[in-house]
Amino acid sequence: MPAPPPRSLYEVLLIALTLGAACSPKYADAPQEDVGGAEGGDGGDGGDGGADGGISGPEDNFPVEAIIRGTITVELFGTDEEGERYPIDWASSGYDAWPFGPIFVANYTASDTDADGVSRYAGTRVLYNPEMGTTEYEMKVGLFEEGDVYAYAAIDMLDDGVVSTDDPRGVWPSAIPITDGDEIEDVNILILTEARNEIICEGGREVTIKGEANVNVDYWGGHIAVMVMDNEGNGPFHVALAEDAPTGPGASTEYTLEVCADYGEMQLIACWDANLNGLHDPGDRWGVFSVDGNVDSNPIFVGSANLTNYPVYMPLGDRPGVDILPFVTMRGTLSLRDGLLSSLPTGSAAHVVALKYRPNTGFDPTQEGINFDIQSFTWSELSSATGPLDWSLTVPSETFVYLWAYADTAADGLVNERGEPIASGGSEVTGKVPTGTEGFGGILLELVNVEDEGSP
């Protein structure tokens with residue numbers, strides 16, 4: 001039996017977010033009025049929903065409203081024979097147009113939750129026509145009370161209409177405080193991505209899964225998708241849209257899903273694009289295969305025969321389908337091996353930085369676009385330190401970063417110069433550290449004076 005497509009290491013878990021969210025965010029009437037690109041795009045409906053038969057779409061009036069603007073920059077990268085990341089310029093990539101699907105941008109809260117204690121989306125946006133490189137966006141944010149939101153973006157790599165667990169994503173590394181009427185600029189998010197191939201079934205062998213797709217709450221329009229994931233929550237590996245259904249108090253329609261044969265046990269799930277943004281994202285209404293419409297009947301067994309009469313119901317189940325933990329927090333302490341940080345030369349600064357690529361010699365660690373996140377310490381902080389200093393960085397989950405600490409003893413704004421102290425968070429040569437899915441602490445960064453210029 002062939003193995004399922006290569007699994008992403010992203011796990012679909014309802015776990016506490018490292019910055020204080022009770023669980024992963026889900027849709028709760030988040031503002032959706034803009035769904036095109038920065039200049040307005042095609043594809044997708046607005047977020048107010050239909051009104052047939054008295055059925056209305058998402059509510060979009062909030063006591064606290066703000067506007068967030070920024071850019072989404074997508075950088076291509078490759079991996080060398082040693083597994084190290086290197087950048088690829090769009091001009092030399094071979095692409096003459098944007099090669100992937102839309103980009104999903106979201107803001108969500110940590111303090112404003114629903115009755116189940118699940119964080120709400122405060123606003124989402126879909127960029128249907130991104131640029132190769134940097135695309136501007138503007139997003140309306142709505143909250144029930146003033147507070148912080150967190151931002152991330154993900155690419156629908158296969159253009160299958162679903163924000164998948166292994167779709168590339170980027171995060172804004174800091175909380176964004178929101179008060180009513182704010183217009184917040186320069187929330188600029190970076191996404192690193194490699195192109196990946198579509199799923200090809202071994203020997204071209206496929207089977208068909210058919211059944212009813214049922215929405216058991218008011219249905220105001222929007223596509224319904226049915227898909228399969230593995231038992232660890234990775235995927236989806238195949239997606240199909242159900243037939244159109246009339247709006248009203250509930251909906252029922254038919255679907256036909258083609259998947260690779262001989263997968264074995266899989267999860268059959270469904271999603272209604274309730275926020276009408278053209279994507280099936282973590283903020284929509286999710287459901288599962290159920291024999292009676294009340295409990296999850298997964299897993300199903302995908303063998304060599306077609307499967308019929310496999311109904312799915314939405315919303316149903318204890319998870320919001322393809323849910324993404326977009327970021328993790330890495331924490332630790334910074335110290336100096338040969339003494340206190342206060343013993344560094346007067347005027348020194350120190351930086352703990354999660355870099356995108358293996359570092360060069362003599363560079364500015366605060367330069368825009370070279371890191372995922374950075375925490376800097378001024379001479380005032382260093383000179384008054386009586387022991388190690390705590391640091392914390394926010395980085396995308398389930399990827400890797402080059403984690404380094406530097407002391408700028410020359411006070412010239414450059415680090416990794418000859419004779420300046422450095423520390424590696426991972427490999428002594430590269431500093432490469434996996435970020436994981438839950439975040440972690442206890443990383444000891446001990447600055448060491450080096451004689452040779454720069455890191456190895």
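In this numbering scheme, every chain counts its residues from 1 along its sequence in written order. Selection of residues for local features in this predicted model requires a pLDDT of at least 70, selection of side-chain atom pairs for listing and counting requires 80 or more, and totals for whole chains, interfaces and linings are taken over all residues. Processing note: side-chain calculations cover all non-hydrogen atoms of the structure and skip hydrogens and water entirely.

Some remarks on the overall build of the protein chain
Keep this limit in mind: Helix and strand definitions follow DSSP, with helices as H or I runs of at least four residues and strands as E runs of at least two, each counted in order from the N terminus. Think of it in three bands: residues with accessible area under 20% of the maximum for their type are buried, residues over 50% are exposed, and the middle band is partly exposed, with areas taken using a 1.4 Å probe on protein chains only. Accessible surface area values rest on a Shrake-Rupley calculation with a 1.4 Å probe, where residue burial reflects the displayed protein chains alone.
Looking only at helices and strands, the protein chain features one helix and 26 strands. Here the protein chain, with 456 residues, has 54% of them falling under the buried criterion. Of the roughly 18800 Å² of accessible surface on the protein chain, a fraction of 46% belongs to carbon and sulfur atoms.

Remarks on the environment of tryptophan 272
Here tryptophan 272 lies in strand β15 (residues 264–272). With 59 residues separating them in the primary sequence, tryptophan 272 and alanine 213 have C-alpha atoms 9.5 Å apart.

Some thoughts on the pairing of strand β16 (residues 285–289)
Stated precisely, the cut-off is as follows: Two strands qualify as a pair provided DSSP detects at least 2 bridges between them.
Within β16, four of the five residues are buried, which leaves the element mostly enclosed by the surrounding structure. In the sheet, β15 pairs with β16 via four bridges, with the strands oriented antiparallel. In the sheet register, alanine 270 faces β16, and the bridge partner there is glycine 287. The pairing of β16 with strand β18 (residues 312–314) spans two bridges and is antiparallel. The partner of valine 288 across the bridge, within β18, is tyrosine 313.

Some points on the pattern of salt bridges
Which entries qualify depends on this criterion: In what follows, salt bridge is the name for a side-chain nitrogen of Lys or Arg lying within 4 Å of a carboxyl oxygen of Asp or Glu.
One pass over the structure, following the stated rule, counts seven salt bridges. Residues lysine 140 and glutamate 65 are paired through a salt bridge, measuring 3.7 Å at the closest nitrogen-oxygen approach. Here lysine 140, found in strand β5 (residues 134–143), pairs with glutamate 65, found in strand β1 (residues 64–79); they are 75 residues apart in sequence, far enough to count as distant. Taking relative accessible area as the criterion, glutamate 65 reaches 26% and is therefore assigned partly exposed. Each member of the salt-bridge network shares a partner with another, and the members are Arg69, Glu138, Glu183 and Glu185.

Things to note about the state of the cysteines
Stated formally: Cysteine sulfur pairs qualify as disulfides if the two atoms are within 2.5 Å.
Enumeration according to the criterion identifies one disulfide in this entry. The disulfide bridge from cysteine 201 ends at cysteine 260, spanning 2.0 Å between sulfur atoms. When the S-S torsion is -85°, as for the bridge of cysteine 201 with cysteine 260, the disulfide is left-handed. Taken together, the positions of cysteine 201 in the loop between β10 (189–193) and β11 (206–215) and cysteine 260 in strand β14 (residues 251–260) put the pair 59 residues apart, joining distant regions of the chain. Under the relative-accessibility criterion, cysteine 260 is labelled buried at 5%.

Some words on the side chain of histidine 351
Note the cut-off: Under this definition, polar contacts are N or O atom pairs within 3.5 Å; protein pairs additionally need one hydrogen-donor-capable and one acceptor-capable atom, and for neighbouring residues in sequence, both atoms have to be side-chain atoms. Contacts: residue pairs with any heavy atoms within 4.5 Å of one another.
Tracing the backbone through its elements, the reader meets histidine 351 in strand β20 (residues 349–355). At 2.7 Å, the side chain of histidine 351 and the side chain of serine 376 are in polar contact. In this structure, histidine 351 is in contact with Pro365, Thr366, Ile374, Gln375, Ser376, Trp404, Ala405, Tyr406 and Val415, ignoring residues within four places of it in sequence.

Considerations on the pairing of β11
The element β11 is extensively covered by neighbouring structure, given that seven of its 10 residues are classed as buried. Bridge analysis of β11 against β14 gives 10 bridges, and the strand direction is antiparallel. Bridge assignment links glycine 211 to a residue of β14, and that residue is tyrosine 255. For β11 and β18, the ladder comprises three bridges, and the chain directions are parallel. Across the sheet, asparagine 214 pairs through a bridge with tyrosine 313, a residue of β18.

Looking at the sheet that holds strand β22 (residues 389–396)
Heads up, the rule is: In this description, a line fitted to the C-alpha atoms serves as the axis of each element, helices being fitted only across the stretch in contact, and the angle between N-to-C directions of two axes falls anywhere from 0 to 180 degrees.
The mixed open sheet is built from three strands, whose spatial order is β22-β19-β26. Unpaired on one side and paired on the other, β22 and β26 (440–447) mark the two borders of the sheet. Averaged over all pairs of adjacent strands, the angle between strand axes in this sheet comes to 30°, irrespective of strand direction. Bridge analysis of strand β19 (residues 327–336) against β22 gives eight bridges, and the strand direction is antiparallel. Residue pairing across strands places glycine 332 opposite tryptophan 391, the latter belonging to β22.

Quick look at the nonpolar core
Defined as follows: Working definition of a nonpolar core: buried Ala, Val, Leu, Ile, Met, Phe, Trp, Tyr and Cys residues. They are joined through side-chain atoms within 4.5 Å.
Of all hydrophobic cores here, the largest spans 34 residues; its most connected members are Ile209, Tyr255, Leu257, Leu268 and Ile300. If you list the elements that add at least two residues to this core, you get β11, β12 (224–229), β14, β15, β17 (300–302) and β18. At five residues, β14 tops the list of elements feeding residues into this core. Look past the residues within four positions of isoleucine 209 in its chain and what remains in contact with it is Val228, Tyr255, Thr256, Leu257, Val259, Leu268, Ile300, Val302, Leu307 and Tyr310. Listed in part, the 30 residues of the second largest apolar core include Leu190, Ala350, Leu393 and Ala423.

Some words on the environment of isoleucine 72
Examined against the element boundaries, isoleucine 72 turns out to sit in strand β1. On the basis of relative accessible area, isoleucine 72 is assigned to the buried category, the value being 0%. Separated by 59 residues in the primary sequence, isoleucine 72 and glutamate 131 have C-alpha atoms spaced 9.3 Å apart. When near neighbours in sequence (up to four residues on either side) are disregarded, isoleucine 72 contacts Ile103, Val105, Leu127, Gly133, Thr134, Thr135, Tyr137, Ala153, Ile189 and Ile191.

Some points on the confidence of the model for the protein chain
So the rule is basically this: Scored between 0 and 100, pLDDT is the confidence that the predictor attaches to each residue.
Looking at the protein chain, pLDDT values average 80 and 80% of them are 70 or higher. For the protein chain, the element scoring lowest by mean pLDDT is strand β3 (residues 103–113), at 74; helix α1 (residues 379–383) scores highest, at 97. Within the model, pLDDT remains below 50 along residues 112–118, and this stretch shows 16 contacts once partners closer than five positions in the same chain are excluded. Contacts from residues 452–456, a stretch scored under 50 in pLDDT, to residues over four places away or in other chains number 19 contacts.

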